[in-house]
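Read off the chains here:
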Amino acid sequence: MARERLNKGFAEMFKNGVIMDVTNVEQSRIAEEAGACAVMALERVPSDIRSDGQVARMSDPAMIQSIMDAVTIPVMAKVRIGHFMEARILQAMGVDFVDESEVLTPADEARHVDKSQFEVPFVCGARNLGEALRRIDEGAVMVRTKGEAGTGNIVNAVTHSRAITEELQALKGMDEHQLSQLAGEMRVPILLVKETRDLGRLSVVNFAAGGIATPADSALMMAMGSDGVFVGSGIFKSETPAKMAHAIVQSVIHYQDPAKLVEISKGLGSAMIGLENSALDVKMAERGV
Amino acid sequence: MKVGLLGLQGAFLDHIPHFDHLGVAHTIVRDNKGLDEIDCLVIPGGESTVMSKFLKEFGMLSHLKDCIAGGMPVWGVCAGSILLAETVDGEPGTLGSLPIKITRNAYGRQIDSRRHLIDIPLFGRHDFQAVFIRAPRIEVTDNKVVVHAVLGEDPVFVQKGSVMATTFHPELNEDHQFHEYFLSL
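All of these numbers come straight from a predicted model, not from anything done at the bench.

## Looking at the overall build of chain A
Link 1 in the chain: Regarding its fold elements, chain A presents 13 helices and eight strands.
Link 2 in the chain: Relative to its length of 289 residues, chain A is compact, with a C-alpha radius of gyration of 18 Å against a globular reference of 19 Å.
Link 3 in the chain: If you line up chain A on its principal axes, its C-alpha atoms span 55 × 45 × 40 Å.
Link 4 in the chain: Looking at chain A as a whole, 58% of its 289 residues are labelled buried.

## Quick notes on the sheet that holds strand β4 (residues 74-77) of chain B
Residue and element names in this part refer to chain B.
Link 1 in the chain: Pairing is mixed in the open sheet, where seven strands are placed in the order β2-β1-β3-β4-β13-β12-β11. The outermost strands of the open sheet, each flanked by one partner alone, are β2 (25-29) and β11 (146-151). For this sheet, the mean inter-axis angle between neighbouring strands, taken without regard to orientation, is 20°.

## Some words on the environment of Ala132(A)
Residue and element names in this part refer to chain A.
Link 1 in the chain: Within the secondary structure, Ala 132 is located in helix α6 (residues 129-138).
Link 2 in the chain: Given the relative accessible area of 0%, Ala 132 is considered buried.
Link 3 in the chain: A sequence separation of 54 residues divides Ala 132 from Met 186, and the C-alpha atoms of the two residues are 9.8 Å apart.
Link 4 in the chain: Contacts of Ala 132, omitting those with residues within four sequence positions, involve Ala 126, Val 143 and Leu 202.

## Remarks on the packing of aromatic side chains
Link 1 in the chain: Tallied over the entire structure, the rule returns 17 aromatic pairs over all chains.
Link 2 in the chain: Judged by centre distance (5.6 Å) and plane angle (75°), the rings of Phe14(A) and Phe97(A) are edge-to-face. Of the two residues, Phe14(A) sits in the loop between α1 (4-12) and β1 (18-22) while Phe97(A) sits in strand β4 (residues 97-101), which places them 83 residues apart along the sequence.
Link 3 in the chain: Accessibility expressed as a relative area gives 2% for Phe14(A), which makes it buried.
Link 4 in the chain: Judged by its relative accessible area of 0%, Phe97(A) is buried.
Link 5 in the chain: What links up through ring pairs into an aromatic cluster is the set Trp75(B), Phe123(B), Phe128(B), Phe132(B), Phe157(B), Phe168(B), Phe178(B), Tyr181(B) and Phe182(B).
Link 6 in the chain: Residue placement shows Lys53(B) over the ring face of Phe54(B); its charged tip is 5.7 Å from the ring centre.
Link 7 in the chain: Sitting over the ring of Tyr107(B), Arg137(B) keeps its end group 4.8 Å from the ring centre.

## Some points on the interface of chain A and chain B
Link 1 in the chain: At the interface, 36 residues of chain A touch 36 residues of chain B.
Link 2 in the chain: Across the salt bridge formed by Arg109(B) and Asp96(A), the nearest N and O atoms sit 2.7 Å from each other.
Link 3 in the chain: Applying the counting criterion to the chain A and chain B interface returns 22 residue pairs in polar contact (both at pLDDT 80 or more).
Link 4 in the chain: Counting residues per element, the ones that place at least two in the side of chain A that touches chain B are α1, α2 (25-34) and α12 (241-253) of chain A.

## Observations concerning unusual backbone geometry
Residues and elements named next belong to chain B.
Link 1 in the chain: Of note in the backbone geometry, Cys 78 takes a positive phi value of approximately 55° without being a glycine.
Link 2 in the chain: With respect to the helices and strands, the residue Cys 78 is situated in the loop between β4 and α5 (79-84).
Link 3 in the chain: With a phi close to 45°, Asn 105 is a non-glycine residue in the positive phi region.
Link 4 in the chain: Here Asn 105 is to be found in the loop between β7 (98-103) and β8 (114-120).

## What to know about the pattern of salt bridges
A side chain of one charge can pair with a side chain of the opposite charge if their charged atoms are brought near each other.
All names here are of chain A.
Link 1 in the chain: By the definition in use, this model includes 28 salt bridges over all chains.
Link 2 in the chain: For Arg 201, the salt bridge identified is with Asp 227, shortest N-O distance 2.9 Å. Linking Arg 201 in the loop between α9 (190-199) and β7 (205-207) with Asp 227 in the loop between α10 (215-223) and β8 (229-231), this pair joins segments that are 26 residues apart in sequence.
Link 3 in the chain: Taking the relative accessible area as the measure of exposure, Arg 201 reaches 33% and is therefore partly exposed.
Link 4 in the chain: Looking at Asp 227, the relative accessible area reads 10%, which means it is buried.
Link 5 in the chain: Among the salt bridges present, the one from Lys 260 reaches Asp 257, with a minimum N-O distance of 3.5 Å.
Link 6 in the chain: For Asp 257, a relative accessible area of 26% puts it in the partly exposed group.
Link 7 in the chain: Overlapping salt bridges bring together Lys 78, Asp 99, Glu 102 and Arg 144 as one network.

## Remarks on the environment of Ala223(A)
Link 1 in the chain: Checked against the element boundaries, Ala223(A) lands in helix α10.
Link 2 in the chain: Under the relative-accessibility criterion, Ala223(A) is labelled exposed at 57%.

Criteria and cut-off values
- Residues numbered from 1 in each chain as written.
- Chains lettered and ligands numbered in written order.
- Predicted model: local features only at pLDDT ≥ 70, side-chain atom pairs only at ≥ 80, totals over all residues.
- Heavy atoms only, no water.
- Helix = DSSP H or I, 4+ residues; strand = E, 2+ residues; numbered from the N terminus.
- Rg over C-alpha atoms; globule rule 2.2 N^0.38 Å.
- Buried < 20%, exposed > 50% of the residue type's maximum accessible area, 1.4 Å probe, protein only.
- Pairing = 2+ DSSP bridges.
- Axes fitted to C-alpha atoms, helices over the stretch in contact; angles between N-to-C directions.
- Contact = heavy atoms within 4.5 Å.
- Phe/Tyr/Trp six-rings, centres within 6.5 Å; stacked < 30°, edge-to-face > 60°.
- Lys NZ or Arg CZ within 6 Å of the ring centre and 35° of its normal.
- Salt bridge = Lys/Arg side-chain N within 4 Å of Asp/Glu carboxyl O.
- Polar contact = N/O pair within 3.5 Å; in protein donor to acceptor, adjacent residues only side chain to side chain.

Here it is as structure tokens:
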């Protein structure tokens, strides 16, 4: 954990920004030009992973490298849950941030990567406070809601964000005994639970992800207390990706100003096609608890 | 006295505990109206490409340049120092308010980011733990620029008149010396 402070500090720099999924050099340039504060390099956006239904793995390092060479903003990439070897490979190639992600097919059904053993920073998904604290305890320096990636449906991100907020709120009124019991249930050290209670928020940066498809969606997540947003399929599965990307970035800056959101939301063409929860064969959010 | 925090992207909220501790009012600035309501401005760490883009798009660039030229104190932190520089990677900088040349990401990617102990004679400090994150490198091009701290031979804390820049992140440290000094400009 020697680099904890450096990596936590790095995560702070993404705040109030948008991190965009990109699958090639051209998309990475569109994202940077639109105002993304980082890009996530992956071979297929989540909606394609979902419809393909095949095992999804770490992307080809050559493809990730081509994006690292193309943009000056930080580049993130995904590893399968528990796949510490994919993480070692990404660290060795100098990727700026690793997302241990439920969007890829899990490699280990029992354990996540022991992120405290790495120099590269990690972000992980969470549906509730217990998942968030377990990932922080394992060494994640950034947490994001899982949402339900590749659906263009914001409902799950809202559920996860609210769950974390409400559980943080509940911590405030707990006595020693209750905190100790909760730490046991969550399988995390009591010190981490107390630190979180004292801060009144997670001890790391907390982003929204999974289902953001419009500027109104990203503004909603900011208003619910997210520090920033990840947008996956929502940009390059929309009718006009460059415009949508730019609008989503602006909506994160101006989320408190509905009049500006009106202008930002105008004339963007169709957003990505959304999927109802009931239509899903795979719930990615249930992976890696 | 009101401090502005440029709120286009990045770690602007991280400065609030410092200014709260010093008992100074602050506000987040996202447009020209905001610029008119403040006495000094912090340009925070974050992504310089994003901040530069929206300063231009929101029509804030010339107004902010005028404010700085008119003597409004401004402090650029990391990405903020990139915005203030006269030259960035060989091209004209966004604000051009500080006669320095900047090389972005000069020390490498995040895996190369480091904490370094630096001396700051101005504050009588030895071994200040400075956090450098994908930091830019400064080259001073005007002898009117005062260098307050160096890392090896590279200036990392510079000032000219009421404009100051740090390539590291004092807002991530607990002490308030940098914020206090900025308020004295």
